[in-house]
Amino acid sequence: MVGGLVLSQAQTHQAATPRTAAPAPAPAQALEKRPRDQAQPCGTVAAAAAVSVSAPSLDEVRKVHARHIKLGLDRCPRYARPLLAACAVSGWPGGMELAASIFESLVEPEAFDYNTLMRGHVSGGGGDRDPAAALRLYIDGLEAGVSPDSYTFPFVLKACAQLAALQEGRQLQAHIVKLGFQHDEHVQNSLISFYGKCGAPAMARLAFDRVEAEERTTVSWSALLAAYTKAGLWGECLASFGSMMLDGWRPDESSMVSALSACAHLGSFDAGRSVHCALLRNTARLNTIMLTSLLDMYAKCGSIEKAAAAFDAMDDKSAWAYSAMLSGLALHGDGRKALQVFDAMVREGHAPDAAAYVGVLNACSRAGLLEDGLRCFDRMRLEHKVAPNALHYGCMVDLMARAGRLDDARALIGTMPTGPTDTAWRSLLNACRIHGDLDLAWHALQELRRLGAANAGDYVIVADMHARAKNWTAAAALRTEAVDSGLAQSLGFSAVEVRGELHRFVSQDMAHPRTRDIYEMLHQMEWQLRFDGYKPDTSEVALDAGEEEKGRVVAAHSQKLAMAFGLLSTPEGAPVRVVTNLRMSKECHAYSALISEIFGRDIVIRDRNRLHRFRCGTCSCRDYW
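All figures in this text were calculated on a predicted structure; none of them were measured in a lab. (Residues numbered from 1 in each chain as written. Predicted model: local features only at pLDDT ≥ 70, side-chain atom pairs only at ≥ 80, totals over all residues. Heavy atoms only, no water.)

Novice: Which residues make up empty space enclosed by the protein, and what are the values?
Specialist: With the rule as written, the count across this model stands at three cavities of 30 Å³ or more. Quantified by volume, the largest cavity comes out at close to 70 Å³. Looking at the largest cavity, the residues that line it are A111, Y114, N115, M118, L137, Y138, G141, L142, V146, S147, P148 and T152. The set of elements that each furnish at least two residues to the lining of the largest cavity consists of helix 6 (111-123) and helix 7 (131-143). The residue inventory of the lining of the largest cavity, partitioned by class, reads eight nonpolar, four polar and no charged. Taken as a whole, the second largest cavity encloses approximately 50 Å³ of empty space. In terms of lining residues, the second largest cavity is bounded by G267, K300, C301, G302, R577, V578, V579, V604, R606 and L611. (1 Å grid on protein atoms, 1.4 Å probe; cavity = no way out; pocket = protein on both sides within 12 Å on 5 of 7 lines; lining within 4 Å. Points joined across faces, edges and corners; volume = space filled by probe spheres on them. Helix = DSSP H or I, 4+ residues; strand = E, 2+ residues; numbered from the N terminus. Nonpolar A, V, L, I, M, F, W, Y, C, P; charged D, E, K, R; others polar.)

What follows is the structure in structure tokens.
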């Protein structure tokens, strides 16, 4: 324990140049009492200082440092500080090593000098980041009796964040309060950011709430939004962004990117469009990062046209932007367009990385483009020298299996360099469900069990396949085994956006305030469908019950309830946008297509695998799903 701060054993490191290795510093009085005839002319000293500030490279700094040593100025902070700062923040290879050497030669380094070296360690000065050294340096300063200032704590908290050292960061917060810096703007914002990066959003919120309303800044709000984004608390992120706007704050780029990410994950198109308007009001020109975030949001919210418009508006498309566009097209199942974007990416001189190939292979898989997918897979390995990872193999297994080549997909799993993965076996299992191959599905489930990666959904797929074969005993046994193994199936839900607010439903839901209106609307929808000859498809209902009972089960599916509320609550002709964590069933797919035709509405549904856009009775997936 040093100065109240305790470091765990794994995080206690020495700085790049240990203090014990430094030469014994000359007393400060020796510099002051240098004989007048040995003193250097003022012009020489001034010239040396000027050169140190403007040194353009590490070699120049070394030359100036050597000159300082020759002139006896190397131990004086006044002349060493510009060199120390240049080395610590320049990013030159070897810069941090020289910075540590300059620091060690100082007679009595002050808080400014400690801060400069810590800044280099946490920002990656010299090409290497060493947050543990920054934390050790803070303790060294306490031991040496150097009092931290308000600029010290942002660097130390950043080091703790990089180390995910939550306990040490909390001890630093005690130091902050003890030394009276708890009301400093930069320290407050650093605390919020630290807790967010350590995956403690509740602590980040608490730190934010402790900041007086008049002391909060845009950076404070941005740090809170980033904390929620990292934790995947998308609803809290969007709600906080709304509070920020209501409080009259002008959002910065970071906060708007966090809000767009939340809208993308929630499928909140109206809220995302509002953030887009805020971007246009507050930003003179949208940069590539903003446009890429817009692209991702619109694609995941069901508007690939607006996503393409954001993509086309980019003057200088980055590899990240191309990857986002490829992923968006894959989500929408537009394999042909994804191949065109991929070719454009290569023509523009961008080397496709692993993420880009995941996007294009996914697009081929979801569009059934087997030959194109195989060609891209070979091109990835042979032309661009990208080693396939588990995601790439999962895409290829899915592509081959969906095309009916189940044996080839199984053989490909056996050739994976890293060994078969749960992603690959799960892709094969899903394809077996589509093609009705119960024996291979059972084998895939066994392999997932062997890997210790089987989840409740895997058991449900095989159980449902047994149920469709009228083998109720095997279906019940599998579901019982999943429960006995502690594999709880996540609750299925569907959410629909109405006037910027998401309304969530579960199957047979009776909790919504407008439940009576919703079920009345559901009854009208089914009556009109039956008038056109519709009959519910109960083939995927895994119940040993009569057709009437099965019909009641599918009638109040969460997706149908969400559609009914959307039709009831949105203007005539407006699209109905639904997000569900379930896999689209054949029954819901056929039902949604008919609703879009009869009511003349676009029905946009994003399930856990892909996006379906129903218009005039047809789906964008072309039934390849």
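Novice: A description of the sheet that holds strand 1 (residues 494-498) should follow, citing residues and the corresponding values.
Specialist: Taken in spatial order, the six strands line up as 2-1-3-4-5-6 in an open sheet, and their pairing is mixed. In this open sheet, the two edge strands, each paired with only one partner strand, are strand 2 (501-505) and strand 6 (618-619). Both strand 4 (residues 603-606) and strand 5 (residues 611-615) contribute to a ladder of four bridges, which runs antiparallel. Within strand 5, the position partnered with I605 by the bridge is H612. The sheet strands contacting helix 30 (residues 558-569) are strand 1, strand 2, strand 3 (576-580) and strand 4, and the helix crosses strand 1 at an angle near 10°. (Pairing = 2+ DSSP bridges. Contact = heavy atoms within 4.5 Å. Axes fitted to C-alpha atoms, helices over the stretch in contact; angles between N-to-C directions.)

Novice: Give me the UniProt feature "repeat: PPR" (unreviewed entry) in the chain: which residues, what numbers.
Specialist: In this numbering, the UniProt entry assigns the feature "repeat: PPR" (unreviewed entry) to residues 217-251, 318-352 and 353-387. What you have in residues 318-352 is 74% helix and 0% strand, and the ends, taken at the C-alpha atoms, are 11 Å apart. Between the C-alpha atoms that bound residues 353-387 the distance is 10 Å, and the span itself is 77% helix and 0% strand. (UniProt positions renumbered as here; feature names shortened; annotations may be inferred.)

Novice: Break down the packing of aromatic side chains for me, with residues and values.
Specialist: All chains considered together, the criterion is met by eleven aromatic pairs. Centroid distance W527 to F531: 5.9 Å. Interplanar angle 20°. Geometry classified as stacked. Here W527 pairs with F531, and both are found in helix 28 (residues 515-531), just four residues apart, close to one helical turn. Residue W527 shares its accessibility class with F531, and that shared class is exposed. (Phe/Tyr/Trp six-rings, centres within 6.5 Å; stacked < 30°, edge-to-face > 60°. Buried < 20%, exposed > 50% of the residue type's maximum accessible area, 1.4 Å probe, protein only.)

Novice: Report on helix 15 (residues 269-282), specifying residues and quantitative values.
Specialist: Along its 14 residues, helix 15 runs 20 Å from first to last C-alpha, staying within 8% of the 20 Å computed at 1.5 Å per residue. For helix 15, the complete set of buried residues consists of F269, A271, G272, V275, H276, A278 and L279. Turning to helix 15, the residues buried within the fold contact helix 13 (234-246), helix 14 (253-266), helix 16 (288-300), helix 17 (304-312), strand 1 and strand 3. (Expected span 1.5 Å × (residues − 1).)

Novice: I'd like a description of the pattern of salt bridges, backed by residues and values.
Specialist: Applying the stated criterion across every chain yields a total of 26 salt bridges. The shortest N-O distance in the salt bridge between E383 and R379 comes to 2.9 Å. Counted as one network, the salt bridges with shared partners bring together E305, D602, R613 and R615. (Salt bridge = Lys/Arg side-chain N within 4 Å of Asp/Glu carboxyl O.)

Novice: How would you sum up the packing of helix 8 (residues 152-163) against helix 9 (residues 166-179)? Please name residues and give values.
Specialist: The interhelical angle for the contact between helix 8 and helix 9, taken along N-to-C directions, is 165°, at an axis separation of 9 Å. Relative to helix 9, helix 8 is oriented roughly antiparallel. Seen along the crossing, helix 8 lies across helix 9 with a hand that is left-handed. Residue-level contacts link F153, V156, L157 and C160 of helix 8 to E168, G169, L172, H175, I176 and L179 of helix 9. When its residues are assigned to classes, the contact of helix 8 with helix 9 shows seven nonpolar, two polar and one charged. (Parallel < 35°, antiparallel > 145°, perpendicular 65-115°, else oblique. Left-handed = near helix turned anticlockwise from the far one by under 90°.)

Novice: Report on the nonpolar core, specifying residues and quantitative values.
Specialist: A general tendency of soluble globular proteins is for nonpolar side chains to be buried together. One finds L172, I192, L294, L295, M297 and L428 to be the most contacted residues of the largest nonpolar core, which totals 144 residues. When neighbours within four sequence positions are excluded, L295 is seen to be in contact with A307, A310, F311, M314, A321, A324 and M325. V496, L522, M525 and L567 belong to the second largest nonpolar core, which has 27 residues in total. (Core = buried A, V, L, I, M, F, W, Y, C linked by side-chain atoms within 4.5 Å.)

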